[in-house]
Amino acid sequence: MQEFFVRRSPIHGRGVFADTIIAHADYLLEYKGEVLSEREANHRVARTKAWRAARHFFGLGDGRAIDGAVSGNSACWISQSCETNREAEQDGDRMCTRTIEKIKLGKQTFIDYRLDTGSRTTKKLTATYGRRCGAKNCRLTMLYVQ
């Protein structure tokens, strides 16, 4: 049974919304796509706009990434928010999302991307990955900022 649908998001572009009430700690959507080496992922990011690459790439713990734009699924439309209601869990080359709270029917689901570009965070870099998620404590960026 499908527990979600994709539609236009009031935050940005498309988003994933609950098609039913989803319980706390339920697994929901494996992030699918082409698994890339760190080198190939960096090459693809350099060839495209940073925000577009960030939207469809999901980093694995060893530097590799899943490119959701290639053979991916609806999980690539999960929106960024500083107030998240799901988290990602890695199992080898697989990345799944799990709810961290009960999600009501029709509510949009979010992950805090917390992107790490591997370089010093500057105002320009923060603006390149800028996003206003609407959260009370919004960082105004998809980057991981300490």
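Being a predicted model, the structure only gives us computed values, none of them experimental. (Residues numbered from 1 in each chain as written. Predicted model: local features only at pLDDT ≥ 70, side-chain atom pairs only at ≥ 80, totals over all residues. Heavy atoms only, no water.)

A. Quick peek at the pattern of salt bridges. Scanning all chains against the criterion turns up 10 salt bridges. Two residues, D62 and R64, come together in a salt bridge whose shortest N-O distance is 2.8 Å. Across the salt bridge formed by R98 and E89, the nearest N and O atoms sit 2.6 Å from each other. Residue classification places R98 among the buried residues on the basis of a relative accessible area of 17%. (Salt bridge = Lys/Arg side-chain N within 4 Å of Asp/Glu carboxyl O. Buried < 20%, exposed > 50% of the residue type's maximum accessible area, 1.4 Å probe, protein only.)

B. Region of the structure containing the nonpolar core. Membership of the largest hydrophobic core comes to 22 residues, with the highest contact counts inside it found for L29 and Y31. Sorting the residues of this core by element identifies β2 (14-18) and β3 (27-31) as the ones contributing at least two each. In terms of residue count, the dominant contributor to this core is β3 (3 residues). (Core = buried A, V, L, I, M, F, W, Y, C linked by side-chain atoms within 4.5 Å. Helix = DSSP H or I, 4+ residues; strand = E, 2+ residues; numbered from the N terminus.)

C. Focus on the side chain of S79. Position of S79 among the secondary structure elements: in strand β7 (residues 79-80). Within the structure, the side chain of S79 is placed 2.9 Å from the side chain of Q108, a separation counted as a polar contact. (Polar contact = N/O pair within 3.5 Å; in protein donor to acceptor, adjacent residues only side chain to side chain.)

D. Just the sheet that holds strand β5 (residues 57-59), in detail. Spatially, 3 strands are ordered β4-β6-β5 in an open sheet, and the strand pairing comes out antiparallel. Every other strand in the sheet has two partners, leaving β4 (34-36) and β5 as the edge strands with one partner each. Here the average twist between neighbouring strands, direction ignored, is 25°. Direction of pairing for β4 relative to strand β6 (residues 65-67): antiparallel, over a ladder of 3 bridges. Across the sheet, residue E34 finds its bridge partner in β6, namely D67. In this fold helix α1 (residues 38-47) packs onto β4, β5 and β6, with an angle of close to 105° to the strand it touches most, β4. (Pairing = 2+ DSSP bridges. Axes fitted to C-alpha atoms, helices over the stretch in contact; angles between N-to-C directions. Contact = heavy atoms within 4.5 Å.)

E. Quick look at unusual backbone geometry. Non-glycine residue L29 carries a positive phi angle of around 75°. For L29, the position within the fold is in strand β3. Owing to a relative accessible area of 16%, L29 belongs among the buried residues under this scheme. Even without a glycine there, the phi angle at S71 is positive, about 60°. The residue S71 is located in the loop between β6 and β7 in this model.

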